[in-house]
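# Notes for the structure review
Here's the letter readout for the chains.
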Amino acid sequence: MTDFTSRRLMMVDTQVRPSDVTKFPIIDAMLSVAREDFVPDAARDVAYAGAPVELAPGRVLLEPRNFAKMLEALNVQAGDLVLHVGAGLGYGTAVLAQLAEAVVGLEEDEGLAAEASAALSDANCDNAMVVTGPVCKGYSKNAPYEAILVEGGVEEMPTALLDQLKDGGRIAAIFMDGALGEMRIGTKTSARVSWRMEFNASAPILPGFATEKSFVF
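Fair warning: this is a prediction, and the values are worked out from it, not measured in the lab.

## Concerning the overall build of the chain
- Of the regular secondary structure elements, the chain holds six helices and nine strands.
- Relative to its length of 217 residues, the chain is compact, with a C-alpha radius of gyration of 16 Å against a globular reference of 17 Å.
- Partitioning the contacts of the chain with sequence separation of at least 6, the portion at a separation of at least 24 is 56%.
- A total accessible area of about 10,300 Å² is found for the chain, and carbon and sulfur atoms account for 51% of it.
- A distance of 5 Å separates the average location of the 18 positive side-chain charges in the chain from that of its 30 negative side-chain charges.

## Focus: the packing of aromatic side chains
- Tallying each qualifying case throughout the model produces four aromatic pairs.
- Measuring from ring centre to ring centre gives 5.9 Å for F67 and Y91, while their planes differ by 55°; the resulting arrangement is tilted. With a gap of 24 residues between them, F67 in helix 3 (residues 64–74) and Y91 in helix 4 (residues 91–99) connect regions that are remote in the sequence.
- Since its relative accessible area comes to 1%, F67 is described here as buried.

## Section: the environment of P64
- Structurally, P64 is set in helix 3.
- Of the residues examined, P64 reaches a relative accessible area of 0% and is grouped as buried.
- Counting along the chain gives 49 residues from P64 to Q15, while the straight-line C-alpha distance between them is 6.8 Å.
- Ignoring anything within four residues of it in the chain, the contact list for P64 reads M11, Q15, V16, M30, R35, A49 and G50.

## Remarks on the sheet that holds strand 9 (residues 192–200)
- The strand order 5-4-3-6-7-8-9 describes an open sheet built from seven strands, whose pairing is mixed. Each of the sheet's edge strands pairs with one partner strand only, and the pair in question is strand 5 (128–132) and strand 9. Between one strand axis and the next, the sheet turns by 20° as a mean value, whatever way the strands run.
- Two strands pair when backbone bridges link them, and strand 6 (residues 145–154) and strand 7 (residues 165–177) are joined in this way by six bridges, in the parallel orientation. Residue pairing for strand 7: G153 is matched across the bridge by I174.
- Running at roughly 150° to strand 6, helix 3 makes contact with strand 6, strand 7, strand 8 (180–189) and strand 9 of the sheet.
- Against the sheet, helix 5 (residues 110–122) engages strand 4 (102–107) and strand 5, with an angle of about 165° to strand 5.

## What about the nonpolar core?
- Counting 55 residues, the largest nonpolar core has M30 and Y91 as the members making the most contacts within it.
- Residue contacts for M30: discarding those within four places in its chain leaves R8, M11, V12, V16, P64, F67, A68, Y91 and V95.
- L106, V135, I148 and A173 belong to the second largest nonpolar core, which has 22 residues in total.

## Let's talk about helix 1 (residues 4–16)
- Listing the buried residues of helix 1 in full gives F4, R8, M11, V12, Q15 and V16. Along the long axis of helix 1, the arc covered by the buried residues comes to 110°, so they all point the same way.
- Buried residues in helix 1 make contact with helix 2 (24–32), helix 3 and helix 4.
- Residue D3 occupies the N-cap position of helix 1, its side-chain oxygen lying 3.3 Å from the main-chain nitrogen of T5.

## Some details on helix 3
- Of all eleven residues in helix 3, ten are buried; the element is thus mostly enclosed.
- Of all the positions in helix 3, only P64, N66, F67, A68, K69, M70, L71, E72, A73 and L74 are classed as buried.
- Remark: N75 follows helix 3 within two positions and exhibits a positive phi of approximately 55°.

Analysis parameters
- Residues numbered from 1 in each chain as written.
- Predicted model: local features only at pLDDT ≥ 70, side-chain atom pairs only at ≥ 80, totals over all residues.
- Heavy atoms only, no water.
- Helix = DSSP H or I, 4+ residues; strand = E, 2+ residues; numbered from the N terminus.
- Rg over C-alpha atoms; globule rule 2.2 N^0.38 Å.
- Contact = heavy atoms within 4.5 Å.
- Areas by Shrake-Rupley, 256 points an atom, 1.4 Å probe, with all protein chains shown as cover.
- Lys, Arg positive; Asp, Glu negative; His and termini not counted.
- Charge placed at Lys NZ, Arg CZ, Asp CG, Glu CD.
- Phe/Tyr/Trp six-rings, centres within 6.5 Å; stacked < 30°, edge-to-face > 60°.
- Buried < 20%, exposed > 50% of the residue type's maximum accessible area, 1.4 Å probe, protein only.
- Pairing = 2+ DSSP bridges.
- Axes fitted to C-alpha atoms, helices over the stretch in contact; angles between N-to-C directions.
- Core = buried A, V, L, I, M, F, W, Y, C linked by side-chain atoms within 4.5 Å.
- Arc of directions from axis to C-beta.
- Polar contact = N/O pair within 3.5 Å; in protein donor to acceptor, adjacent residues only side chain to side chain.

Structural data, given as structure tokens:
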């Protein structure tokens, strides 16, 4: 029988802590949430590897290092309402639920969303819920949010999503330029979002986040 508890500890000790992730709540959350319960059954044995896990065509669970570094930079507070865009099977939603007051996981793949809801229920994540809808449109019903985490690649950030961020709020996303990308944090001040680069990272571009291609004649 696989000892996932030991693998979880090894993930934190070899991938998370050495990556300058120092906030104790993040360390504790990643030690607490059973990552293997939020991946496809066939991927349980690689749940703690230092690589993305495929959830569906074009969709991945980010590698532990990059996800943890996103959390460190996003600086989620205990009283925050958080929107998790591209919730997949709910792992990031579950980790965020350990850090925030409440989390809305947004997923447009209805199959993934249904499995995520079941996994979160099994994990007793009472302060998190999963909703379905286009990820590029956010979820305005519970807006504004103190923090938004986009788990996937972005070429262009939709205005609709930025509009759902509270003044003073933060948003984390991986901006892609071809095969290369960088994780940036945006901070909203007086309806304007200013971005800063945090570290290099890459991820498949989420639906609705690609730049529209224009034809040149």
